[in-house]
Amino acid sequence: MSFAQHEIVIVTPVYEDLEASGRLFKELAKEFGQRVFVVAVDDGSVRQPLTIASLQDAGAAGAVLKLRRNVGHQRAIAIGLSYAAEHLAPHQKVVVMDSDGEDLPSTIAELLKPLERADVDVVVAQRKSRVETFRFKAFYQVYKRFFKLMTGRPISFGNFMALKPVAVQRLVAMQELPIHVAAAVLASKLRTSVCPLDRGPRYAGQSKMNFVGLALHGFKALMVFAEDVLVRVGIFSAVIAAFSVVGSTCAVVLKLLGYSTPGWFSLVLGIFVLLFLQTGALALMTLMLTGVMRSGSVVTAVAHREFIAEVIETRP
């Protein structure tokens, strides 16, 4: 296998995007020549299946991982990283990027520079500019603030990142990786550096990520920090329940002092009692779920081999 002969390993998922991925491979070959080895994960494409000819025609060395079925963008990346982790040499660097052209090959060199430092394990790309619709930008800003509110952690990067071999080995041992790659990097506690980069336009075709899919992708990031989210929800529910107790007490005092109007006391007390029961029950449920998750969490490596139907490599 020629894997270890190359300095940079590119992991990219491809789904029904033959034209765009073919252009990406050409750009990578033009930019890095034989320094790069491409691990292209064909995520169960049916209409436009990826073949090794796409890499060979571009003059790029690499391998095509043909998956048995469509597993989704994030799991496809996890499978590609797990495959790369089995063959990585200490001198190699891994770059995760999308195959549609929005992650520019010309910015990879800049992304790799911080990895030369001993105190950096992962370099993530933070977008300086985006070629996106207003709705996407608005949703993304709301999502970032909601994510920080629910998890206590900021998130401002996606899949475009560069990693040292030690970081790859750590990530593929995390069960969170197939759920959301960027969130798994946050949860891994790896030493991370941020590199501001521009985002490019798609090479060809239209994005297959609709608004519902985008929202689901965002909520999957919250799933990685489910314990933190549950604890915060539980604390919030407990605070609301405490306020309802205080409100009920004030209503009783006002009733005893004769300041309440007819019907007001029963209405207000009923509302506060219902609020207490609902928020109290929610607080208990979240705390119980947190305990169940913590006791049942087992970190296992991403089982990637069962998803790979075939591995096809370019010939030297």
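Residues numbered from 1 in each chain as written. Predicted model: local features only at pLDDT ≥ 70, side-chain atom pairs only at ≥ 80, totals over all residues. Heavy atoms only, no water.

S.K.: Help me understand the overall build of the chain, please; the structure alone is not making it clear to me.
M.R.: Counting its regular elements, the chain contains ten helices and eight strands. A buried classification covers 48% of the 316 residues belonging to the chain. A separation of at least 24 residues holds for 83% of the contacts in the chain among residues at least 6 apart in sequence. Per element, the accessible surface of the chain, about 16200 Å² overall, is 62% carbon and sulfur. (Helix = DSSP H or I, 4+ residues; strand = E, 2+ residues; numbered from the N terminus. Buried < 20%, exposed > 50% of the residue type's maximum accessible area, 1.4 Å probe, protein only. Contact = heavy atoms within 4.5 Å. Areas by Shrake-Rupley, 256 points an atom, 1.4 Å probe, with all protein chains shown as cover.)

S.K.: Before we go on, may I ask you to explain the side chain of Ser188 in this structure?
M.R.: As for its placement among the helices and strands, Ser188 is situated in helix H7 (residues 181–188). Judged by its relative accessible area of 3%, Ser188 falls in the buried class. Among all residues touching Ser188, those that are not within four sequence positions of it are Arg170, Leu171 and Met174.

S.K.: Sorry if this is basic, but what is going on with the packing of aromatic side chains here?
M.R.: We describe a pair of aromatic rings using the distance from one ring centre to the other and the angle between the two ring planes. For the structure on display, the rule yields two aromatic pairs. Consider the rings of Tyr143 and Phe147, whose centres lie 6.0 Å apart with planes at 50°: the pair is tilted. Of this pair, Tyr143 and Phe147 both sit in helix H5 (residues 134–151), separated by four residues, roughly a single helical turn. What links up through ring pairs into an aromatic cluster is the set Tyr143, Phe147 and Phe225. (Phe/Tyr/Trp six-rings, centres within 6.5 Å; stacked < 30°, edge-to-face > 60°.)

S.K.: Where do I start with the pairing of strand E4 (residues 93–96) in this structure?
M.R.: Along any regular strand, the residues point their side chains to alternate faces of the sheet. Here four bridges tie strand E1 (residues 8–14) to E4, and the two strands are oriented parallel to one another. In the sheet register, Ile8 faces E4, and the bridge partner there is Lys93. Alignment of E4 against strand E6 (residues 161–163), held across three bridges, turns out to be antiparallel. From the neighbouring strand, Val96 faces E6, where its bridge partner is Met161. (Pairing = 2+ DSSP bridges.)

S.K.: How do you make sense of the pattern of salt bridges when you look at a structure like this?
M.R.: In a structure, side chains of opposite charge can pair up when their charged atoms sit close to one another. Going through the model one piece at a time under the given rule, you end up with seven salt bridges. Arg35 serves as the salt-bridge partner of Glu7, at 3.0 Å between the closest nitrogen and oxygen. Highlighted residues: Glu7 in the segment before E1 and Arg35 in the loop between helix H1 (18–32) and strand E2 (36–42), separated in sequence by 28 residues. Assessed through its relative accessible area of 37%, Glu7 is described here as partly exposed. With relative accessibility at 37%, the residue Arg35 sits in the partly exposed group. (Salt bridge = Lys/Arg side-chain N within 4 Å of Asp/Glu carboxyl O.)

S.K.: Explain a nonpolar patch on the surface to me, please; I cannot follow it from the model alone.
M.R.: A surface patch of nonpolar side chains, about 430 Å² in accessible area, is lined by Val245, Val273, Leu274, Phe276 and Leu277. If one sorts the elements of the nonpolar patch by residue count, helix H10 (residues 264–296) sits on top with four residues. One can find Phe276 in helix H10. (Patch = residues over 30% accessible without salt bridge, like charges linked within 9 Å, V, L, I, M, F, W, Y side chains within 5 Å.)

S.K.: Is there a simple way to think about helix H3 (residues 73–85) in this case?
M.R.: For an α-helix the count is 3.6 residues per turn, leaving residues at separations of three or four pointing the same way. Given a rise of 1.5 Å per residue, 13 residues ought to cover 18 Å, and the 18 Å separating the end C-alpha atoms of H3 matches this to within 8%. Here H3 has its buried residues at Gln74, Ala76, Ile77, Ala78, Ile79, Gly80, Leu81, Ser82, Tyr83, Ala84 and Ala85. (Expected span 1.5 Å × (residues − 1).)

S.K.: Any chance you could explain the nonpolar core here in plain terms?
M.R.: Val39, Leu81, Met161 and Leu163 are the most contacted members of the largest nonpolar core, which totals 51 residues. The element best represented in this core is H3, accounting for eight residues. Apart from the residues lying within four places of it in its own chain, the contact partners of Leu81 are Val11, Val94, Val96, Val168, Val172 and Leu177. Listed in part, the 32 residues of the second largest apolar core include Leu28, Phe32, Leu50 and Leu115. (Core = buried A, V, L, I, M, F, W, Y, C linked by side-chain atoms within 4.5 Å.)

S.K.: Would you explain the UniProt feature "transmembrane region" (unreviewed entry) in the chain in this entry?
M.R.: Per the UniProt entry, the sites bearing "transmembrane region" (unreviewed entry) are residues 229–257 and 263–287 in this numbering. For the annotated span residues 229–257, helix accounts for 100% and strand for 0% of the residues, and the straight-line distance between the end C-alpha atoms is 42 Å. (UniProt positions renumbered as here; feature names shortened; annotations may be inferred.)

S.K.: Which parts of the structure should I look at to understand the confidence of the model for the chain?
M.R.: Any residue range with low pLDDT should be treated as having predicted coordinates unsuitable for detailed reading. When the pLDDT values of the chain are averaged, the result is 83; 87% of them are 70 or greater. Predicted confidence is poor over residues 293–300, with pLDDT under 50, and the contacts of this stretch with residues over four places away or in other chains come to 13 contacts. (pLDDT = per-residue confidence, 0-100.)

S.K.: What should I look at first to understand unusual backbone geometry in this one?
M.R.: Leave glycine aside and you will find that most residues have negative phi; peptide bonds, for their part, are mostly trans. Its identity is not glycine, yet Glu16 carries a phi of approximately 50°, on the positive side. Positionally, Glu16 belongs in the loop between E1 and H1.

S.K.: Explain H1 here, please?
M.R.: Along its 15 residues, H1 runs 21 Å from first to last C-alpha, staying within 8% of the 21 Å computed at 1.5 Å per residue. Taken as a whole, H1 has its buried residues at Ala20, Ser21, Gly22, Leu24, Phe25, Leu28, Ala29 and Phe32. Along its buried surface, H1 packs onto E1, E2, helix H2 (52–58) and helix H4 (108–112).

S.K.: Where do I start with the side chain of Ser99 in this structure?
M.R.: Structurally, Ser99 is set in the loop between E4 and H4. Of the residues examined, Ser99 reaches a relative accessible area of 5% and is grouped as buried. There is a polar contact of 2.9 Å between the side chain of Ser99 and the backbone oxygen of Pro13. The contacts of Ser99, once residues within four sequence positions are left out, are Thr12, Pro13, Val14, Ala20, Ser21, Leu24 and Tyr203. (Polar contact = N/O pair within 3.5 Å; in protein donor to acceptor, adjacent residues only side chain to side chain.)

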